[in-house]
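Here is how the chains run, residue by residue.
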Amino acid sequence: MEKLRRILSGQEDEEQGLTAQVLDASSLSFSTRLRWFAICFVSGVFFSILGTGLLWLPGGIKLFAVFYTFGNIAALASTCFLMGPVKQLKKMFETTRLLATIVMILCFTLTLCAGLWWHKRGLALLFCILQFLSMTWYSLSYIPYARDAVIKCCSSVVS
């Protein structure tokens, strides 16, 4: 309402950037964002589980690679509904998450290559496991001190 009042009175803020204007024009309510986050996340998990089940069918390696990778990308993209796509991309490429993001994207690509072009079931499964581990490490970066706790736990188990 305040924005409408400023526009009608001719007091539009000239310093507002293009990104802020786009976000103002396309903002969703919190309940809508939450609903679409849940839909996207649940469908991502469903496609990942479906892809895993298709791995063991004859000739299912292609479907596995596509469904599993698509499911993980959908689950990852679901957070765009909570924080917005620009903020999500900025957070993905912060220095604390950069390595995990690069490994995750590389694993997405290698899983698809192993399934669609190389037809190597073992490699596809290996990249699937690495994809899961990189997404877990990426997700842990959002929880304060979670990575440190995991490193401490693993080092105590190994010692």
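Nothing here was measured: the structure is a model prediction, and the numbers come from that model.

About the criteria used
Residues numbered from 1 in each chain as written. Predicted model: local features only at pLDDT ≥ 70, side-chain atom pairs only at ≥ 80, totals over all residues. Heavy atoms only, no water. 1 Å grid on protein atoms, 1.4 Å probe; cavity = no way out; pocket = protein on both sides within 12 Å on 5 of 7 lines; lining within 4 Å. Points joined across faces, edges and corners; volume = space filled by probe spheres on them. Helix = DSSP H or I, 4+ residues; strand = E, 2+ residues; numbered from the N terminus. Nonpolar A, V, L, I, M, F, W, Y, C, P; charged D, E, K, R; others polar. Axes fitted to C-alpha atoms, helices over the stretch in contact; angles between N-to-C directions. Parallel < 35°, antiparallel > 145°, perpendicular 65-115°, else oblique. Left-handed = near helix turned anticlockwise from the far one by under 90°. Contact = heavy atoms within 4.5 Å.

Novice: Explanation requested: the layout of surface pockets in the structure shown.
Specialist: Space inside the largest pocket adds up to approximately 200 Å³. At the level of elements, helix 3 (30-55), helix 4 (61-77) and helix 8 (121-140) are the ones that each hand at least two residues to the lining of the largest pocket. With four residues, helix 8 is the largest single contributor of residues to the lining of the largest pocket. Here the lining of the largest pocket is built from residues that sort into seven nonpolar, five polar and no charged.

Novice: Which parts of the structure should I look at to understand the packing of helix 7 (residues 98-116) against helix 8?
Specialist: Axes are the key here: two packed helices are described by the angle between their axes and the distance separating the axes. Packing of helix 7 against helix 8 leaves a shortest axis separation of 8 Å and a crossing angle of 160°. In terms of their interaxial angle, helix 7 and helix 8 are classed as roughly antiparallel. For the crossing formed where helix 7 meets helix 8, the hand is left-handed. Note on element contacts: helix 8 touches helix 7 through Leu123, Ala124, Phe127, Cys128, Leu130, Gln131, Ser134, Met135, Trp137 and Tyr138, opposite Ala100, Thr101, Val103, Met104, Cys107, Phe108, Leu110, Thr111, Ala114 and Gly115. For the contact of helix 7 with helix 8, the residue count by class is 15 nonpolar, five polar and no charged.

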